[in-house]
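Chain by chain, the residues:
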Amino acid sequence: MKVLVTGGMGFIGSNFILHLHRAYPHYRIINLDLLTYAGNPANLEEIQSSPNYRFVHGDIADRAIVDSIMAEGVDAVVHFAAESHVDRSIENPLRFVHTNVTGTLQLLESARKHGVARFVQVSTDEVYGSLGPDGLFTERTPLAPNSPYSASKAGADLLARSYYETYGLPVIITRCSNNYGPRQFPEKLIPLVITRALEDREVPIYGDGLNVRDWLHVDDHCAAVDLALHRGVPGEVYNVGGNNERTNVDIVRRILAELGKPESLIRFVQDRPGHDRRYAIDATKIRETLGWSPRYRFDEGLKATIEWYVSNPEWWKRIRSGAYRQGDHGGTEGAT
Ligand code: NAD
């Protein structure tokens, strides 16, 4: 099987490619990534010279590049590439529409033209909007995105759905809650707190810190995407989440306690505009129909994640200094 993974130099995409490479050594994997600020070639250094792995440097919205890869005979697409940070979407929404909407559309169109047998659209629970104190998102919850990021992901999901309904492209959509784990860019809450605390710097928390997220270890998300790829039913949506609701301030306190750092590092800052209050996922469908269940308990997953950042300071220090964007990325330039 030949699998095109998009956004494989990012957090979840790189963890997924490492998983796929380990679990299916005979698969051929092509990673198409633009290497934006969020793409880090160091994430896949360990398989860089594997004969079954190839990196192509390019934009998913560049149809010529996408077509040239699909023309090689791609069996499945697993689409992670995205602009993914809500704060950046508030600053620059156009970039989010370019990648998340136009880029997804170019991939869908090329997949349709080349008869791809499976297209996994990796989405997010943020497309459902915000919950009150009770209730869970199910696959039937209406889409009500509140940020330019989630609106652009919702747009991509609706295009993906339309390619199934209109053209019969075998699209499967997954919507996962917040991920944590190794190789997450340190602008996101958990690696931000760990790396700042390690350097005894202030740790900012938005608003009152009581926003609730449903946390899932990235390996558990990758296992769910693997199931969706191999056993998901075309046209279906699968919610993925770990029943792990925590407030942001609780997460920050746990990390500080684990690292032996004082809570005086915490600084409450002005809230993000349109900040969703609570996300929580009902994952009954993927559990019951595909047999998925998370392996990590939150406490042990968080501890292992903290240990990873403690043991790999060069990884995040090279991001901090900007050095991660220089040098050989070990790939080919997409042909335009
Ligand atoms: P990330 O920001 O860490 O990585 C995104 C990757 O996409 C980077 O390698 C970047 O270089 C690449 N990219 C960006 N624009 C591109 C373009 N135009 N063409 C090609 N490559 C491009 O993101 P992540 O956290 O790994 O998220 C991956 C996917 O999972 C996203 O679609 C996101 O919406 C979804 N998701 C993320 C979470 C989470 O908690 N991080 C939760 C649910 C769903």
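Per chain, residues are indexed from 1 in the order of the written sequence. Reporting of local features is limited, given that this is a predicted model, to residues whose pLDDT is at least 70; pairs of side-chain atoms are given and counted only at 80 or more, and all residues count toward the totals for whole chains, interfaces and linings. The basis for the side-chain values is all heavy atoms of the structure; hydrogens and waters are excluded.

Q: An account of the overall build of the protein chain is requested, with residue identities and associated values reported.
A: Note on conventions: DSSP H or I runs of at least 4 residues are helices, E runs of at least 2 residues are strands, and numbering of each starts at the N terminus. Looking only at helices and strands, the protein chain has eleven helices and 14 strands in total. In terms of overall dimensions, the protein chain is globule-like: its C-alpha atoms have a radius of gyration of 19 Å, near the 20 Å expected for 336 residues. Counting only C-alpha atoms, the protein chain reaches 55 × 45 × 35 Å along its principal axes. Relative to its 336 residues, the protein chain shows a buried fraction of 55%. C-alpha atoms define the radius of gyration, and 2.2 Å times the number of residues to the power 0.38 defines the globule rule. Accessible area is worked out with a 1.4 Å probe on protein chains only. A residue is then buried under 20% of its type maximum, exposed over 50%, and partly exposed in between.

Q: Can you break down the environment of Pro 234 residue by residue, with the values?
A: By the element assignment, Pro 234 lies in the loop between helix H7 (218–231) and strand S11 (237–240). According to the relative accessible area criterion, Pro 234 is partly exposed, its value standing at 25%. The spatial distance from the C-alpha of Pro 234 to the C-alpha of Ala 117 is 9.8 Å, given a sequence separation of 117 residues. Only heavy atoms enter the contact rule, under which two residues are in contact if any of them lie within 4.5 Å. Setting aside residues no more than four positions away along its own chain, Pro 234 makes contact with Arg 118, Tyr 164, Pro 170, Val 171 and Ile 172.

Q: Quick rundown of the pairing of strand S5 (residues 118–124)? Include the residues and the values.
A: Of all the seven residues making up S5, seven are buried; the element is thus mostly covered by neighbouring parts of the structure. Residues Arg 118, Val 120, Val 122 and Thr 124 of S5 are buried on one face, and the alternating residues Phe 119, Gln 121 and Ser 123, pointing to the opposite face, are buried as well. Pairing of strand S4 (residues 76–79) with S5, which is carried by four bridges, proceeds in the parallel orientation. Of the residues in S5, the one forming a bridge with Val 78 is Val 120. When DSSP finds two or more bridges between two strands, those strands count as paired.

Q: Describe the sheet that holds S5, with residues and values.
A: Strand order in the open sheet formed by eight strands is S11-S6-S5-S4-S1-S2-S3-S14, with parallel pairing between adjacent strands. Looking at strand neighbours, the two that pair on one side only are S11 and strand S14 (332–333), the edges of this open sheet. Two strands pair when backbone bridges link them, and strand S6 (residues 171–176) and S11 are joined in this way by four bridges, in the parallel orientation. Bridge pairing in S11 links Arg 175 to Asn 239.

Q: Pulling in residues and values, what's your account of the site of the ligand?
A: The nearness test applies per residue and asks whether one of its heavy atoms lies within 4 Å of the molecule or strand. Surveying the vicinity of the ligand reveals 28 residues, the closest of which are Ile 12, Asp 33, Ser 84, Tyr 149 and Lys 153. A distance of 3.5 Å is found between an oxygen atom of the ligand and a backbone nitrogen or oxygen belonging to Leu 35. As used in this structure description, the phrase polar contact means that two N or O atoms lie within 3.5 Å; if the pair is within protein, one of them must be able to donate a hydrogen and the other to accept it, and residues adjacent in sequence are counted only when both atoms belong to side chains. In the environment of the ligand, an oxygen atom lies 3.1 Å from a nitrogen or oxygen atom belonging to the backbone of Thr 36. Here, Shrake-Rupley sampling with a 1.4 Å probe gives the accessible areas, and only protein chains in the shown set may cover a residue. Burial of the ligand by the protein amounts to 97% of the accessible area it has alone, namely 840 Å². Of all elements in the fold, only helix H1 (11–23), S5 and helix H5 (148–167) reach the threshold of two or more residues within the shell around the ligand.

Q: Can you break down helix H6 (residues 189–198) residue by residue, with the values?
A: For H6, the buried fraction is high: eight of the ten residues fall into the buried class. In this fold, the buried residues of H6 make contact with strand S7 (179–180), strand S8 (203–206), helix H8 (248–259), helix H10 (298–311) and helix H11 (313–321). Backbone geometry just downstream of H6 places Asp 200 in the positive-phi region, at approximately 55 degrees.

Q: An account of the pattern of salt bridges is needed here, citing residue identities and associated values.
A: Any Lys or Arg side-chain nitrogen found within 4 Å of a carboxyl oxygen on Asp or Glu counts as a salt bridge. One pass over the structure, following the stated rule, counts 20 salt bridges. One salt bridge connects Glu 83 with Arg 95, and the closest N-O pair in it is separated by 3.7 Å. One end of the pair, Glu 83, is in the loop between S4 and helix H3 (86–91); the other, Arg 95, is in helix H4 (residues 93–113), and twelve residues separate them in sequence. The class of Glu 83 is buried, set by a relative accessible area of 7%. Taking the shortest distance from any N to any O, the salt bridge between Arg 272 and Asp 87 comes out at 2.6 Å. Linking Arg 272 in the loop between strand S13 (266–269) and helix H9 (284–290) with Asp 87 in helix H3, this pair joins segments that are 185 residues apart in sequence.

Q: So, the pairing of strand S2 (residues 28–33): which residues are in play, and what are the values?
A: Each regular strand carries side chains that alternate between the two faces of the sheet. In terms of burial, S2 is a largely internal element, five of the six residues being buried. Relative to S2, strand S1 (residues 2–6) runs parallel, the two sharing five bridges. Its bridge partner lying in S2, Leu 4 is registered against Ile 30.

Q: Give me the nonpolar core: which residues, what numbers.
A: Counting 30 residues, the largest nonpolar core has Leu 4, Leu 32, Ile 69, Met 70 and Phe 119 as the members making the most contacts within it. Looking at this core, the elements with two or more residues in it are S2, helix H2 (63–70), H4, H5 and S6. Take this core: its biggest share by element is four residues, from H2. When residues no more than four places from it in sequence are discounted, the contact partners of Leu 4 are Ile 30, Leu 32, Ile 69, Met 70, Val 74, Ala 76, Val 77, Val 78 and Leu 107. Buried Ala, Val, Leu, Ile, Met, Phe, Trp, Tyr and Cys residues that are joined via side-chain atoms within 4.5 Å together make up what is termed a nonpolar core.

Q: Can you lay out H7 for me, pointing to particular residues and giving the numbers?
A: A rise of 1.5 Å per residue sets the reference length of H7, with its 14 residues, at 20 Å; its end C-alpha atoms lie 20 Å apart and thus fit the reference within 8%. Counting buried positions along H7 gives ten out of 14 residues, so the element sits mostly inside the fold. Of all the positions in H7, only Val 218, Asp 220, His 221, Cys 222, Ala 224, Val 225, Asp 226, Leu 227, Ala 228 and Leu 229 are classed as buried. Given a helix with a known number of residues, its expected span is that number minus one, times 1.5 Å.

Treat this as a map of the structure, not an account of what it does.
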